[in-house]
Amino acid sequence: MSKLSDLTIAGMRDGLAGKSFSATELAESSITAIEAARDLNAFVTEAPEKALEMARTSDARIAKGEAGPLEGIPLGIKDLYCTEGTLTTASSHILDGFVPGYESTVTANLWGDGAVMLGKLACDEFAMGSSNETSYYGNVINPWRNRGSNKPLVPGGSSGGSSAAVAARLCPGATATDTGGSIRQPAAFTGTVGIKPTYGRCSRWGIAAFASSLDQAGPITRTVRDAAIMLRSMAGHDPKDSTSVDIALPDFEAALTGDIRGMKIGIPKEYRMDGMKAEIETLWTQGIGWLKDAGAEIIDISLPHTKYALPAYYIVANAEASSNLARYDGVKYGLREQGVDITELYEKTRAAGFGAEVKRRILMGTYVLSAGYYDAYYLRAQKVRTLIKRDFEQVFETIDTILTPSTPTAAFAAGEKTDPIDMYLNDIFTVTVNMSGLPAISIPAGLSSEGTPLGLQLIGKAFDEETLFRVGGVLEEAAGFDAAPENWWA
Amino acid sequence: MYEEARETDPKKYIAGAAGDWELVVGLEVHAQISSKSKLFSGASAEYGGEPNDHVSIVDAAMPGMLPVINEFCVRQAVKTGLGLKAQINLRSVFDRKNYFYPDLPQGYQISQFKDPIVGPGTVLLDMKDGARVEIGIERLHMEQDAGKSIHDQHPSKTYVDLNRSGVALMEIVSLPDIRSSEEARAYVTKLRSILRYLGTCDGNMEEGSMRADVNVSVRRPGDPFGTRCEIKNVNSIRYVGQAIEYEARRQIDILEEGGSIDQETRLFDPKSGKTRAMRSKEEAHDYRYFPDPDLLPLEFTREWVDEIAAELPELPDEKRARLMSDYGLSAYDAGVLVADQASSAYFEKVATGRNAKLAVNWVMGDLSASANEKNVGLDQVGISPDQLGGLIDLIEDKTISGKIAKDVFEILLAEGGDPRTIVEDKGLKQVTDTGAIEAAVDEVIAANPDKVAEVREKPRMAGWFVGQVMKATGGKANPKAVNDILKAKLGL
């Protein structure tokens, strides 16, 4: 048998239930894997002692027959989530030395269900990026490589530490966040499963905010079933987050029936972009075929405002970010660069504390909210947002879910994309979902010509993650994606 | 567009070197909502405490913290809107007002910009000359207070106290309907009185629970509005008046010298009584308002508002009308009494079941004079409503005269006690025994034959005889009886 850390969440759960191994053994196995994988730079903070302590507590609970749904499962936590007593950086210099005295609601839910924390995973600084190249703590390296090449590839972003760690089997699951594709794009780049649930499904309390109206927490795992298990524990209404929705939390795992006969799958013509790579097109066609074979009905649909989504997204997201990041000023916590007066303290702290991409977005966001530009940019972007939402509402009157590619390309090489706009185009298939608040999942579905993973995305109705898991399960099975990155790092 | 509600009133003009000027004032009053906890966090909103004692991780803007609206504060704002006879908006929106300051931990203040919770309303002022002035309310919105920067504790550092950070405020914005500093003072006084009746703000200006931004401009009568200056954070009613007086004169002087007014923000210095420039329009912040994505639009039902409306207490205007009709109070007296809840309650306790006219005279006369002298409220003069009522009872049942009553009042003020006991112990009872009065009258007539002759010529002289008789009886004789007997004996 391979290592314990190679198991899926469901596999670990079964093994723990059957007393094949202990939570402590699981944690030890993961800790060993993490220590061996430092070349990937997936973790900002490893927390082996904390992991072992939590694992021992889990073993005690298992012994008493009090195991929670995630008892003893070791997980990685994106460093955007505040964790009590453990350094939390959002991969930014400006949060130097920041150790929260509180626990985010989502991670508290996970620990409440028995999960074990392995450490904090790197991401793009404040979740701003699509390649994990904006982290203050250096690039995260994708465990996957192009066939016959040693050139490092990006793991996607912003949840690149999460996707890399899960793909490299350092942990069976990791928390992530998705503002414009930050769960689904890294999942697609690493052959993992990532779901962005409906806006309001998971509490945002205790997660450093990027763009409040778009941010959602979600898991990255290796299988659809694991994503269902993990999301169930992460989600739930939180009175501390006014935008969290008080709605019944279904047993997502139970939705994995394998039966999608008669379901209606929409194929949006606007996602067939000019100049789209043939392999992406082929993968999409293949996906359509798999669902049809499983008894689903394929329906061509139109989402006419798709083309406006990306610019509108970058206006809304950056506007909110410019305001959300104002609190990092050197006065209360984190980095402080002294100045002769308060203005200079602000300027020096923020100049030193934020990286180039974060600064770019703060500037853009400040600009679009400025007097005289608000109507032309922010207000118009909000109107576009309404239209995008309406597009989806209309098609969801007749269909159950939408199938699209997750990304326009497979993972690219670090340093390859230097033009910000070129980088932003990575989000072309994913941002519409954030703009409309809908849930979407990325499923590994095949390999590129270079031998790296490609994903397909399913978009669902609001609070209908169950359909995504059901159809996603079928897609996963049909794709039979069982490739794993060759272990070059250990 | 704002249409001027006020007719121009030449009596209010300010004389300039060359012709009259009209003053135009609008006020933005920041009133702290009476609430145990802050607007968006569970931290205590209590005044005082050690620095940074009342600060939650939400108030300190820790990463990932989110605001949750305090329903009680919303209720208080709605209640205030109803008290201002204003439109209540069933849907309002919280916006972020972005600027950097160390005592603003989030880097933005959560406020309501485009869609406030309360729309247009009115406040009625009763001026000393009997005029009723209606001041329009443009809007009321809720917002967070900032913390406090303390600059005098360290030679090079500024300390920050976040106790006030996140405390709930109502900003009540008037229309530019105010035309004199007196009206401005009356407006703030009336507003404070309404808020206190409602229990939505304690109105303690010295603790910062209420403060005003005062917008002042001047113009030639009949002209459109002039350029205004905003005087920030004026924290007493007296200073509001002083700041306006100074600022109006400053602007008139500039204009009369051919200058023009720069639109700017100014500060009032109570020590010098002057205003000075704080920042110009060019330096004004671009606050980059946008809807706070952490909060849903604030929505409630008409039924909920009706429920709050049903719980409203009697407000100053209604109470004033009732006091006038129930007790025959003059408009001005009633206005003075209702300005302070304790005063009107005091009055009602005295007046209930008694001669209202007497109650009014005593409360508005001697008691008010003492209160003014001591600079306290009517209820703090040191004479209880029961004591004053007892004194009035003694006048009514003719045990003592009004004149003796004044003496008893002084005794009550100095020594306290029960009025009836005082009258008995000191032998102040009125003499109504006509025999004794007749004897005294006879004595005075016999002793003053010359005066008797005079009074027959000039009947007005009778007063002199009354005085002599009262003196002879130690003031205890019933004045009416003295009069009657004198008239009979002198044949007037």
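Residues numbered from 1 in each chain as written. Chains lettered and ligands numbered in written order. Predicted model: local features only at pLDDT ≥ 70, side-chain atom pairs only at ≥ 80, totals over all residues.

Caption draft 1: View of the overall build of chain A. Each helix and strand in chain A was counted, giving 15 helices and 11 strands. Seen along its three principal axes, the alpha-carbon backbone of chain A occupies a region of about 65 × 55 × 50 Å. The 490 residues of chain A split such that 60% are buried. Sequence separation of 24 or more characterises 77% of the internal contacts of chain A that already satisfy a separation of 6 or more. (Helix = DSSP H or I, 4+ residues; strand = E, 2+ residues; numbered from the N terminus. Buried ≥ 20, exposed ≤ 12 C-beta atoms within 10 Å, placed from the backbone. Contact = placed C-beta atoms within 7 Å.)

Caption draft 2: Fine view of the overall build of chain B. Counting its secondary structure elements, chain B contains 15 helices and 16 strands. Since a compact globule built from 492 residues should have a radius of gyration of about 23 Å, the 30 Å found for chain B marks it as more spread out than a globular shape. C-alpha extents for chain B along the principal axes are approximately 95 × 55 × 55 Å. Residues counted as buried form 43% of the 492 residues belonging to chain B. (Rg over C-alpha atoms; globule rule 2.2 N^0.38 Å.)

Caption draft 3: Structural context of helix H9 (residues 306-324) of chain A. Counted at 1.5 Å a residue, the expected span for H9(A) with its 19 residues is 27 Å, and the 27 Å between its end C-alpha atoms agrees. Burial of H9(A) is extensive: 16 of the 19 residues sit out of reach of the surface. (Expected span 1.5 Å × (residues − 1).)

Caption draft 4: Structural context of the pairing of strand S4 (residues 95-98) of chain B. All names here are of chain B. Across the two faces of S4 the burial is the same, with Asp95 and Lys97 and Arg96 and Asn98 all buried. With four bridges connecting them, S4 and strand S5 (residues 108-111) associate as antiparallel partners. Looking across to S5, one finds that Asn98 is bridged to Tyr108. Relative to strand S15 (residues 290-291), S4 runs antiparallel, the two sharing two bridges. (Pairing = 2+ DSSP bridges.)

Caption draft 5: Representation of the sheet that holds strand S4 (residues 173-178) of chain A within the structure. All names here are of chain A. Here 11 strands make up an open sheet; going across it, the order is S1-S3-S2-S4-S6-S5-S10-S11-S9-S7-S8 and the pairing mixed. Single-partner strands in this sheet number two, and they are strand S1 (43-46) and strand S8 (297-301). Within the sheet, the average angular offset between the axes of one strand and its neighbour, ignoring direction, is 30°. Of the pairings in the sheet, the one linking strand S9 (residues 401-405) to strand S11 (residues 453-460) comprises five bridges and is antiparallel in character. Counted as the bridge partner of Pro405 is Leu456 from S11. (Axes fitted to C-alpha atoms, helices over the stretch in contact; angles between N-to-C directions.)

Caption draft 6: Highlighting the packing of helix H7 (residues 224-234) of chain A against helix H15 (residues 465-479) of chain A. Residue and element names in this part refer to chain A. The geometry of H7 relative to H15 is characterised by a closest axis approach of 9 Å and an angle of 160° between their N-to-C directions. Looking at the two axes, H7 sits roughly antiparallel to H15. Facing Val224, Ala228 and Leu231 of H7, the residues of H15 in contact are Glu465, Phe469, Gly472, Gly473 and Glu476. (Parallel < 35°, antiparallel > 145°, perpendicular 65-115°, else oblique.)

Caption draft 7: Seen up close, the interface of chain B and chain A. Counting residues at the interface gives 24 residues for chain B and 32 residues for chain A. A class-by-class count of the residues in the side of chain B that touches chain A yields 16 nonpolar, four polar and four charged. (Nonpolar A, V, L, I, M, F, W, Y, C, P; charged D, E, K, R; others polar.)

Caption draft 8: Quick peek at the nonpolar core. Residue and element names in this part refer to chain A. Judged by nonpolar contacts, the single largest core of 147 residues is most densely connected at Ala42, Leu75 and Val116. Sorting elements by how many residues they give to this core places H9 first, with 10 residues. Apart from residues no more than four positions distant in its own chain, Leu75 is found in contact with Leu110, Ala115, Val116, Met117, Leu118, Cys171, Gly173, Ala174 and Thr175. (Core = buried A, V, L, I, M, F, W, Y, C linked by C-beta atoms within 7 Å.)

Caption draft 9: View of unusual backbone geometry. In this structure, the amide linkage connecting A:Gly157 to the following residue, A:Ser158, adopts the cis form with an omega of 5°. Mapped onto the secondary structure, A:Ser158 falls in the loop between strand S3 (116-121) and helix H5 (160-167). At B:Asn52, a position not held by glycine, the phi torsion is positive, near 65°. Within the secondary structure, B:Asn52 is located in the loop between strand S2 (19-32) and helix H1 (71-83). The phi angle at B:Ala61 is positive, at roughly 55°, despite the residue not being glycine. Here B:Ala61 lies in the loop between S2 and H1.

Caption draft 10: Layout of the domain arrangement of chain B. Residues and elements named next belong to chain B. Along its sequence, chain B is organised into domain 1 (11-309), domain 2 (316-425) and domain 3 (434-490). Measuring from the centre of the C-alpha atoms in domain 1 to the corresponding centre in domain 2 gives 37 Å. Counting residues per element, the ones that place at least two in the side of domain 1 that touches domain 2 are strand S6 (121-126) and helix H2 (181-198). No other element matches H2, which puts five residues into the side of domain 1 that touches domain 2. Grouping the amino acids of the side of domain 1 that touches domain 2 by side-chain chemistry returns three nonpolar, three polar and three charged. (Domains from an automatic or database assignment.)

Caption draft 11: Region of the structure containing helix H12 (residues 434-447) of chain B. Residues and elements named next belong to chain B. Over its 14 residues, H12 runs 20 Å from end to end, which matches the ideal 20 Å to within 8%, given 1.5 Å per residue. Taken as a whole, H12 has its buried residues at Ile437, Ala440, Val441 and Val444. For H12, the buried positions fall inside an angular range of 100° around the axis, keeping them on one side. Structural note: H12 exposes Gly435, Asp442 and Ala446 on the side pointing more than 90 degrees away from its buried face. Its buried side turned inward, H12 meets helix H14 (462-472) and helix H15 (479-490). (Arc of directions from axis to C-beta.)

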